[in-house]
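Take a look at the letters that make up each chain.
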Amino acid sequence: MKIYLSIIVPIHNEAAVLVSSIPKIIDATAKITPFYEIIIAEDGSRDRSYEIAKKLAKTNPAVRVLHSSHRLGRGEALNRAIRTAKGKIAVYMDADLSSDLRYLKPLVERIEDGASISTGSRLMKDSKASRPVKRDVASRGFNTLVRLLLGSKLYDHQCGFKAFRKKDVLPLLKKVKDKYWFWDTEILVRAQREGMRVDEIPIDWAHGRFTKVDFTKDVLYMFGKILELKKELG
């Protein structure tokens, strides 16, 4: 069986949501194609995430686990998962399913229509997003700076809901330097600079109950990364 669609779920200490999320992801994916795989990219978890992921893989042959005994970082875990994905199209989504799964098919359809990357957006006109005010303000400020300083035409760069045409993005992965949270923004900016078609679709999104983002620390880190990439790209 040739895999068509690879769904990547990066996890770090996601034991609380993994058991409920994976069946929902499987159900949504199976409605698109019978030729799929679910990759749980486990990244140095300290809870029972890896144990749960292994059990899920044992009960369903479509599920496989990529394990790291130490923390790679979100970006590096995604790099590894995309490279090992067997599908023509690779999608990644957050384990807490903040992004409504009914948008999975439209996300994939954009790749089928010719886009190299498609990404969900919480900030487009028809998007519906629920999150704390200070995070919303910070996100809008960050994305505005990315547009102004890095020339991106997108509205939301950090949404954890993206699809990739694998053969198009593999060369791009070699150029992406960030291994952590800025990975999403960097790959989108570099893809546009390379002349790739990058589509953005409005989605419904709900702020997860548990967040791994240290607001002050990570906001400063992200803004610093914008300046670094601006210096490199000119």
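Described below are features of the structure shown in this document. Only a predicted model underlies this, so the values are computations on that prediction, with no experimental measurement involved.

1. Points about the overall build of the chain
Link 1 in the chain: Counting its secondary structure elements, the chain contains 8 helices and 9 strands.
Link 2 in the chain: Rg of the C-alpha trace for the chain: 17 Å, near the compact-globule value of 17 Å for 234 residues, within the 12% margin.
Link 3 in the chain: Projected onto the principal axes, the alpha-carbon positions of the chain cover approximately 50 × 35 × 35 Å.
Link 4 in the chain: When burial is assessed residue by residue, the chain has 53% of its 234 residues classed as buried.
Link 5 in the chain: For the chain, contacts bridging at least 24 residues in sequence account for 79% of all contacts bridging at least 6.
Link 6 in the chain: Total accessible area on the chain is roughly 11,300 Å²; 54% of this is exposed by carbon and sulfur atoms.
Link 7 in the chain: Charged side chains of the chain number 44 positive and 29 negative; the gap between the two group centres comes to 2 Å.

2. Things to note about the sheet that holds strand S4 (residues 89-93)
Link 1 in the chain: With mixed pairing, the 7 strands of this open sheet are ordered in space as S3-S2-S1-S4-S7-S5-S8. Each having just a single partner strand, strand S3 (63-68) and strand S8 (198-202) make up the two edges of the open sheet. Pairs of neighbouring strands in the sheet enclose a mean axial angle of 20°, with direction left out of account.
Link 2 in the chain: Direction of pairing for strand S1 (residues 5-11) relative to S4: parallel, over a ladder of 4 bridges. Bridged to Ser-6 within S4 is Ala-90.

3. A word on the pattern of salt bridges
Link 1 in the chain: This model, assessed by the stated rule, comprises 24 salt bridges.
Link 2 in the chain: Between Arg-64 and Glu-37 there is a salt bridge; the shortest N-O distance is 2.8 Å. Of this pair, Arg-64 sits in strand S3 while Glu-37 sits in strand S2 (residues 36-43), and the two are 27 residues apart along the sequence.
Link 3 in the chain: Given a relative accessible area of 22%, Arg-64 falls into the partly exposed group.

4. Structural notes on the environment of Leu-173
Link 1 in the chain: Considering the arrangement of structural elements, one finds Leu-173 in helix H6 (residues 166-173).
Link 2 in the chain: Note on Leu-173: relative accessible area 2%, which makes it buried.
Link 3 in the chain: Considering only alpha carbons, one finds Leu-173 and Arg-80, 93 residues apart in sequence, at a separation of 9.6 Å.
Link 4 in the chain: Aside from chain neighbours lying at most four places away, what touches Leu-173 is Asn-79, Ile-82, Arg-83, Trp-183 and Ile-187.

5. Some thoughts on the nonpolar core
Link 1 in the chain: By size, the foremost hydrophobic cluster in this structure holds 36 residues, and its most contacted members are Ile-7, Ile-22, Ile-25, Ile-38, Val-91 and Met-93.
Link 2 in the chain: Counting residues per element, the ones that place at least two in this core are S1, helix H1 (15-30), S2, helix H2 (49-59), S4, helix H4 (104-112) and strand S7 (161-165).
Link 3 in the chain: Considering each element in turn, this core owes the most residues, 6 residues, to H1.
Link 4 in the chain: Excluding its chain neighbours within four sequence positions, the residues that come into contact with Ile-22 are Val-9, Ile-38, Ile-40, Leu-56 and Val-63.
Link 5 in the chain: Listed in part, the 22 residues of the second largest apolar core include Ile-8, Ala-41, Leu-154 and Ile-187.

Cut-off values and rules
Residues numbered from 1 in each chain as written. Predicted model: local features only at pLDDT ≥ 70, side-chain atom pairs only at ≥ 80, totals over all residues. Heavy atoms only, no water. Helix = DSSP H or I, 4+ residues; strand = E, 2+ residues; numbered from the N terminus. Rg over C-alpha atoms; globule rule 2.2 N^0.38 Å. Buried < 20%, exposed > 50% of the residue type's maximum accessible area, 1.4 Å probe, protein only. Contact = heavy atoms within 4.5 Å. Areas by Shrake-Rupley, 256 points an atom, 1.4 Å probe, with all protein chains shown as cover. Lys, Arg positive; Asp, Glu negative; His and termini not counted. Charge placed at Lys NZ, Arg CZ, Asp CG, Glu CD. Pairing = 2+ DSSP bridges. Axes fitted to C-alpha atoms, helices over the stretch in contact; angles between N-to-C directions. Salt bridge = Lys/Arg side-chain N within 4 Å of Asp/Glu carboxyl O. Core = buried A, V, L, I, M, F, W, Y, C linked by side-chain atoms within 4.5 Å.

Any functional reading would require information that these geometric values do not contain.
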